[in-house]
Amino acid sequence: MSTKEPTEADILRPINTLTKKYFILYGAATLGLVAFLVAWAYQLQQGLIVTGLGDWGSGGGSTWGLYIGAFIWWVGVAHGGIILSAAVRLLNMDRYMPVARLAEMTTIGGLSAAGFYILVHMGRPDRMVTSVIGHYHITVNNSPLVWDVTVITAYFVLSATYLGLTLRYDVNRLRDDLPDKFEPVYKILTIGYSKKEDKVIDRMVWWLAAAVIIMAPLLLHGGVIPWLFALLPAMPGWTGAIQGPMFLSIALMSAISGIMIISYAFRRAYDWDHIITDDIFRGLLLWLGFFTLLFLWFQLQTIINGVFLGPTNKAVAIEAKIGHPVYQVAMTMIFGTLVYIFLQGIRPALFSKKRALLASCIILAGTLTEKILFVVEGFLHPTFDIYANTPGTYFPSLIEWLSLVGTTALVALLFLNLSKLVPVVELHAVEHLRGDHAHDDDATEPEVEA
Amino acid sequence: MNAALTAIPSELLYHGYDGTAGFTGFANEGTWIIFAVILVPVYIMLAAWFLGEPRDTKTGLLGVSYLVGLTTSMWVGMFVLTVLIGIVFYGGPPEPISGVGPP
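About the thresholds
Residues numbered from 1 in each chain as written. Chains lettered and ligands numbered in written order. Predicted model: local features only at pLDDT ≥ 70, side-chain atom pairs only at ≥ 80, totals over all residues. Heavy atoms only, no water. Helix = DSSP H or I, 4+ residues; strand = E, 2+ residues; numbered from the N terminus. Rg over C-alpha atoms; globule rule 2.2 N^0.38 Å. Buried < 20%, exposed > 50% of the residue type's maximum accessible area, 1.4 Å probe, protein only. Contact = heavy atoms within 4.5 Å. Areas by Shrake-Rupley, 256 points an atom, 1.4 Å probe, with all protein chains shown as cover. Lys, Arg positive; Asp, Glu negative; His and termini not counted. Charge placed at Lys NZ, Arg CZ, Asp CG, Glu CD. 1 Å grid on protein atoms, 1.4 Å probe; cavity = no way out; pocket = protein on both sides within 12 Å on 5 of 7 lines; lining within 4 Å. Points joined across faces, edges and corners; volume = space filled by probe spheres on them. Nonpolar A, V, L, I, M, F, W, Y, C, P; charged D, E, K, R; others polar.

A few points about the overall build of chain A
Counting secondary structure elements, chain A contains 16 helices and 0 strands. On C-alpha atoms alone, chain A measures out to a radius of gyration of 23 Å, which is about the 22 Å that the 2.2 N^0.38 rule sets for 450 residues. Overall, the C-alpha framework of chain A stretches about 70 × 50 × 50 Å when taken along its three principal axes. Expressed as a percentage of the 450 residues in chain A, the buried residues total 57%. Contacts in chain A between residues far apart in sequence, at least 24 positions, make up 82% of those at least 6 positions apart. Entry remark: accessible area of chain A is about 18,600 Å², with carbon and sulfur atoms responsible for 67%. Positive and negative side-chain charges of chain A, numbering 30 and 34 respectively, have mean locations separated by a distance of 6 Å.

So this is what it looks like as structure tokens:
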């Protein structure tokens, strides 16, 4: 660990500097987003058919594809963010405090991208609000999609509230060093602030974290989202209780990978070696290994349940899955990364931040590939193969690929904008690293004595 | 005769099965799973905000205003966006603002 002492000036650096690289990145992200918006406008004008989706049957293929796969993947990325942050608060995992706010912002970004995908995949997105809200009392009873919309709204609101409440402390303390041009925003962020509230807010945020850590992993990504698939008995590739834990493990893998990439970028851009230390990357990499191991174990359960004397429909779907080159590539990537994480655990000299970054990128690519294939295969191998004589294939169209560029750009823009507005590292983290936080244990819930 | 038959309460002779039982009508399965299971952590959180110590009702209400404000701004924002999409791409705002049915 570096001997440099973290200061307030360190965490204010992103706000008070403006570099050429920042502009280049901003320009590239804007271009990526605009490119997708143009493609989406074309899709809106011509209909979803321009992607080849929306025609299962005479056209063969699949009606759900990259859009739905990427939707699940982004929700997954979003998850770990707030879970990591909540774990810092609830389980005293102070080591990760410096990346907690980056993690919360990853949640906001990931959920925004996921929500956007819902809209993009709709044949008539103009009916999104009037249909869902206007008929909520009917659809909430029979549509897992409406459950999804409800829980994602709740999750987004809880995460944003968490971020909003914790920012009050920082913005108030650092106000004199924040740029005046954003004064109205800071005023709204700290509306009604008084120092007396700190303890109450800390306790409220503790309970917010508790609600999130139960709701997000167990009931959203291990519940409502896998239920979109797991509750459909006609698709043997989807159905089954294993999807809950499976989805959760993928979410945690992709989320940790996402946080590592974003943390790496910020550390590099703002010389934060002494704030986002190597130790954080080592720790995150081990967690990544743990969740990757769980994921591979769930895959094994799924495969064995299908191929060894499984019901015919399930056996067909699973055999098709394991025989698919895309699945083999994805699993090889993920397994290879796990081997590396184990090896660097045995021989720490094998660890480097660049390798951790590479491992994160591979896991993100692997999980996205697996998710898209999972979505498509449900349609390709249904129990009652009514379209057996019109077999189709699915390959994402250019517009769908562009949606990945667009949503990644959207999340990048969110970080680029937020980093100019508020500190992306909590003031508490700096205080903690310096060992001078006055604001400590009594802020959390008192321990319950057994 | 017909009048006499319709006068018999349906509960007496009708088998009582309903093809959509469990799916339609409020409240039903989905209502329970969302509002009585999934959202329970949120209810506990809200209860803790107002009942735990140290507490301050004003700060608690501030938290609630964050929740309500963000939910409202999300859905109102989305509504504005979908009306714009309707006007630009589908010949008018969505139903029921404009006529029901294809444009």
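Notes on empty space enclosed by the protein
Residues and elements named next belong to chain A. Per the stated rule, a full pass over the model turns up 4 cavities of 30 Å³ or more. The computed volume of the largest cavity comes to approximately 100 Å³. Residue lining of the largest cavity: 14 residues in total, with Leu-165, Thr-166, Tyr-169, Ile-201 and Asp-202 positioned closest to the centre. Those elements giving two or more residues to the lining of the largest cavity turn out to be α7 (144-174) and α9 (197-230). The element best represented in the lining of the largest cavity is α9, accounting for 5 residues. Residues belonging to the lining of the largest cavity are distributed by class as follows: 5 nonpolar, 3 polar and 6 charged. There is about 60 Å³ of room inside the second largest cavity. Taken together, Gly-237, Ala-317, Ile-318, Lys-321, Leu-373, Phe-374, Glu-377 and His-381 form the lining of the second largest cavity. Secondary structure elements with two or more residues in the lining of the second largest cavity: α12 (312-323) and α14 (353-380). In the lining of the second largest cavity, the residues fall into 4 nonpolar, 2 polar and 2 charged.

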